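# Structural features, examined
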Amino acid sequence: MKKIAITGATGLVGSRISELLKNDFTFIPLNHGSVDITNADSVKMALENLDYDLLLHCAGYTNVDKAETEKDIAHSLNVEATRFLFEAAQKQGKKFIYISTDFVFDGTSDVSDENTVPNPVGYYGQTKYEGEQIVKDSAMIVRISYPYRADYDKRSDFFRTIRSLLQQGKKINGITDSIITPTFIDDIALGIKYLINNFKPEIFHLVGGDSMSPYDAFNSIAQIFNLDSSLVSQTTIGEFFQGKAKRPINGKTVSIKNDFQPMRTFRDGLIEISASIK
């Protein structure tokens, strides 16, 4: 059984990967208590005597708005930590998978795939792209988009945030002039399973089976969970994110290389979650 050293093992995505694939791989969490991934010496000490086959780097700074004001922290976690981990793994001859994001794109193309040239519009996306440039051609880069899951106590995602607000009867604004590609984390995990077993130092997208406006996404949540869709009002991306970090306007992201893992549409992912809850 392959031994996978993993950062971010308690995070939104990493914890679900570890949970779903626990019978396929032996996961070795690189947690805060055992290693400071922003410190080169700490990373070297943690990895030099570790028996592992591949390092799956899920950890990172993901707060898009705070990244604009906490640039040092975002850069340390997304760029420097990636460099330290990658260089240590390289010296040991180990494989490396870097989890990235569709926020590396500027959202001006009709659609973004693995061949689209990144051009981030915000600092979060910039740091993730810098991480990609560190590992490119020697490691695998896996980009994901708006990940969501059924439950996770430590951190919310956009799906559970919107569902919770609607359950509380609160009014929300849904953007109509922007596109997102929500991705069911279970599908990401199963895609990662294939990619670990078929490693290539290339870029792959593991993204949802369809794209839509946040307004349409919120209405789908209301419909499938029998909540009041009249609470969802329309707004524009300019109004909603006024004074906040810039986002890609067109976040329609696809894969031209994923012929190994079916990726559910947003509605199918919600239906799966609804069924599991019942």
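Below is a short write-up of the structure.

## Notes on the overall build of the chain
Assigned secondary structure in the chain consists of nine helices and ten strands. When its C-alpha atoms are laid out on the principal axes, the chain stretches across 55 × 40 × 35 Å. Across the 278 residues in the chain, those meeting the buried criterion constitute 51%. A sequence separation of at least 24 residues applies to 79% of the contacts in the chain between residues at least 6 apart. For the chain, the accessible surface area stands at approximately 12900 Å², while carbon and sulfur atoms represent 46% of it. Here the chain contributes 31 positive and 35 negative side-chain charges, whose respective centroids are spaced 3 Å apart.

## Section: helix α9 (residues 266-277)
Helix length check: α9, at twelve residues, gives a terminal C-alpha distance of 17 Å against a target of 16 Å (1.5 Å per residue), a fit within 8%. Buried within α9 are the following residues: F266, G269, L270, I273 and S274. Taken end-on, α9 shows its buried residues confined to a sector of 135 degrees, consistent with a single buried face. Opposite the buried face of α9, at more than 90 degrees from it, the exposed residues are A275 and S276.

## Digging into the pattern of salt bridges
What the rule picks out here adds up to twelve salt bridges. The residue E19 makes a salt bridge to R149 at a minimum N-O spacing of 3.8 Å. On the criterion of sequence distance, the pair formed by E19 in helix α1 (residues 14-20) and R149 in the loop between β6 (147-148) and α5 (158-167) is long-range, its members being 130 residues apart. Look at R149 and you get buried, because its relative accessible area is 5%.

## Concerning the pairing of strand β4 (residues 95-101)
By the criterion of burial, β4 is predominantly enclosed, with six of the seven residues buried. Of the strand pairs in this sheet, strand β3 (residues 54-57) and β4 are connected by four bridges, and their pairing is parallel. Within the sheet, the bridge partner assigned to L55 lies in β4 and is F96. For β4 and strand β5 (residues 140-144), the ladder comprises five bridges, and the chain directions are parallel.

## Thoughts on the sheet that holds β4
If you walk across this open sheet you meet the six strands as β2-β1-β3-β4-β5-β9, and the pairing is parallel. Two strands in the sheet have a free side with no partner beyond their single neighbour: β2 (26-29) and β9 (203-205). Taking the axes of each pair of neighbouring strands and ignoring which way they run, one obtains an average angle of 25 degrees across the sheet. Where strand β1 (residues 3-7) meets β2, four bridges bridge the pair, whose relative direction is parallel. Considered in β2, the bridge of I4 is made with F27. Running at roughly 165 degrees to β4, helix α3 (residues 71-91) makes contact with β1, β3 and β4 of the sheet. Lying over the sheet, helix α6 (residues 185-197) contacts β1, β3, β4, β5 and β9, oriented at roughly 170 degrees with respect to β5.

## What to know about helix α4 (residues 123-135)
When the terminal C-alpha atoms of α4 are compared, their 19 Å separation across 13 residues agrees well with the 18 Å that a helix rising 1.5 Å per residue should span. Regarding α4, the residues found buried are Y123, Y124, G125, T127, K128, G131, E132 and V135. For α4, the secondary structure elements touched by its buried residues are α3, β4 and β5. Two residues or fewer past α4, D137 is found with a positive phi of approximately 75 degrees.

## What to know about the packing of aromatic side chains
This structure, assessed with the given rule, holds 14 aromatic pairs. A ring pair is formed by Y146 and F158, whose centres lie 5.9 Å apart and whose planes are at 85 degrees; its orientation type is edge-to-face. Residue Y146 is located in the loop between β5 and β6, and its partner F158 is located in helix α5; the two are separated by twelve residues in the primary sequence. Under the relative-accessibility criterion, Y146 is labelled partly exposed at 26%.

## Comments concerning unusual backbone geometry
Although it is not a glycine, D137 sits at a positive phi angle of roughly 75 degrees. Within the secondary structure, D137 sits in the loop between α4 and β5. Note on D137: relative accessible area 60%, which makes it exposed. Its identity is not glycine, yet Y146 carries a phi of approximately 40 degrees, on the positive side.

Conventions and cut-offs
- Residues numbered from 1 in each chain as written.
- Predicted model: local features only at pLDDT ≥ 70, side-chain atom pairs only at ≥ 80, totals over all residues.
- Heavy atoms only, no water.
- Helix = DSSP H or I, 4+ residues; strand = E, 2+ residues; numbered from the N terminus.
- Buried < 20%, exposed > 50% of the residue type's maximum accessible area, 1.4 Å probe, protein only.
- Contact = heavy atoms within 4.5 Å.
- Areas by Shrake-Rupley, 256 points an atom, 1.4 Å probe, with all protein chains shown as cover.
- Lys, Arg positive; Asp, Glu negative; His and termini not counted.
- Charge placed at Lys NZ, Arg CZ, Asp CG, Glu CD.
- Expected span 1.5 Å × (residues − 1).
- Arc of directions from axis to C-beta.
- Salt bridge = Lys/Arg side-chain N within 4 Å of Asp/Glu carboxyl O.
- Pairing = 2+ DSSP bridges.
- Axes fitted to C-alpha atoms, helices over the stretch in contact; angles between N-to-C directions.
- Phe/Tyr/Trp six-rings, centres within 6.5 Å; stacked < 30°, edge-to-face > 60°.

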